[in-house]
Amino acid sequence: MENEFLKLIETRRSVRKYQPRQITDEQLDAVLRAGTFAPTAMGMQSPFIVAVQDKEIMDELVRMNAAVMGVTSNPYYDAPTIVLVFVPADGANAVQDGSCVLDNMMLAAHAIGLGSCWINREREMFATEDGKRMMQRFGLPDGLMGIGALALGYPDGEPKEPKPRKDGYTRVVK
C-alpha cells in the first residue's frame, strides 16, 4: 500500500549531527503544534512542551544531561533547538502521553525537512534541585517530571539506511 504518511514514518531517522543555523519560527511552531495534537489519556492534554533556543539555558541543559549520563560530550548533539516534554509526575498515563507528544513532533520535524533525535535522562535531570529551579524558570506548575526531549535542527548530512526489520517483529491473530 502506497501512502505519503506511511512513507514518512518509514524514512524518519534519528539525527545526531546538526547544522549550526537555527530553525525558523514557522518551523518550530509547526513542530510544537504537532505535539499538541498527540493523543493523551482522556483528552486531558496534560503534557507541557518547552522549546529552548537560548544559548545559556541550552548550555545548562547540556551540562545537566551530560552529568546524568556521566559524559562530557553534548547529549543533544549540538542541535540549535532543544524541545523538552514534561508530564504530571502522578499521572497514570504520563509516560505514554509524553511519548506520543515526542513522536508526533519527530514525525512533524521530518515532514518539514528538519532532523530530530529523542533524548533521554530528562526525568533524572529535572528531579534535581537545579532541574526544579529550571522548571520554575520556565513557568511550569509544580508536580511535573521530565519525560524526554528532542534535539531539533537541520540535519548535517544524509541519514543512514534503516536496519532491516527483524523477523517475527509482528504477529497477527485472527
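Here goes a summary of the coordinates provided. Source: prediction; values computed, not measured.

1. Points about the sheet that holds strand E4 (residues 144-153)
Taken together, the four strands give an open sheet; going across it, the order is E1-E2-E4-E3, and neighbouring strands pair in antiparallel fashion. The sheet is open, and its two borders are formed by strand E1 (48-52) and strand E3 (115-119), each paired with just one other strand. The mean inter-strand angle of the sheet, taken between neighbouring strand axes irrespective of direction, is 25°. Pairing geometry for E1 and strand E2 (residues 81-88), over five bridges, is antiparallel. Directly across from valine 52, in E2, lies its bridge partner isoleucine 82.

2. Here we look at the nonpolar core
Membership of the largest hydrophobic core comes to 24 residues, with the highest contact counts inside it found for Val52, Leu61, Tyr76, Ile82, Leu84, Phe86 and Phe126. Those elements that provide at least two residues to this core are E1, helix H3 (55-69), E2, E3, helix H6 (129-137) and E4. Residue contributions to this core peak at five residues, all from H3. When sequence neighbours within four positions are dropped, the list of residues in contact with leucine 61 reads Val52, Tyr76, Ile82, Leu84, Met125, Phe126 and Met134. Formed by 19 residues, the second largest nonpolar core is a distinct cluster that contains Val85, Val87, Ala109 and Met145.

3. Examining the environment of aspartate 142
Secondary-structure assignment places aspartate 142 in the loop between H6 and E4. According to the relative accessible area criterion, aspartate 142 is exposed, its value standing at 71%. Considered as a pair, aspartate 142 and valine 52 are 90 residues apart in the sequence and their alpha carbons are 20 Å apart.

4. Observations concerning the packing of aromatic side chains
Under the defined criterion, the tally for this structure stands at two aromatic pairs. For the ring pair phenylalanine 86 and phenylalanine 126, a centre distance of 4.8 Å and an interplane angle of 75° mean the geometry is edge-to-face. Of the two residues, phenylalanine 86 is situated in strand E2 and phenylalanine 126 in the loop between helix H5 (122-125) and H6; the sequence distance between them amounts to 40 residues. Cluster of aromatic residues (ring-pair linked, three or more members): Phe86, Phe126 and Phe138. One Lys or Arg, arginine 21, reaches over the ring of tyrosine 154 and ends 3.7 Å from the middle of that ring. One cation-aromatic arrangement involves lysine 166 over tyrosine 169; the distance from NZ or CZ to the ring centre is 4.8 Å.

5. Some details on the side chain of threonine 81
Its location among the elements puts threonine 81 in strand E2. By relative accessible area, which is 0% here, threonine 81 ends up buried. In this view, threonine 81 contacts Gln22, Ile23, Leu28, Val52, Gln53, Met58, Leu150, Ala151 and Leu152; residues no more than four positions away in its chain are not counted.

What counts and what doesn't
- Residues numbered from 1 in each chain as written.
- Predicted model: local features only at pLDDT ≥ 70, side-chain atom pairs only at ≥ 80, totals over all residues.
- Heavy atoms only, no water.
- Pairing = 2+ DSSP bridges.
- Helix = DSSP H or I, 4+ residues; strand = E, 2+ residues; numbered from the N terminus.
- Axes fitted to C-alpha atoms, helices over the stretch in contact; angles between N-to-C directions.
- Core = buried A, V, L, I, M, F, W, Y, C linked by side-chain atoms within 4.5 Å.
- Buried < 20%, exposed > 50% of the residue type's maximum accessible area, 1.4 Å probe, protein only.
- Contact = heavy atoms within 4.5 Å.
- Phe/Tyr/Trp six-rings, centres within 6.5 Å; stacked < 30°, edge-to-face > 60°.
- Lys NZ or Arg CZ within 6 Å of the ring centre and 35° of its normal.

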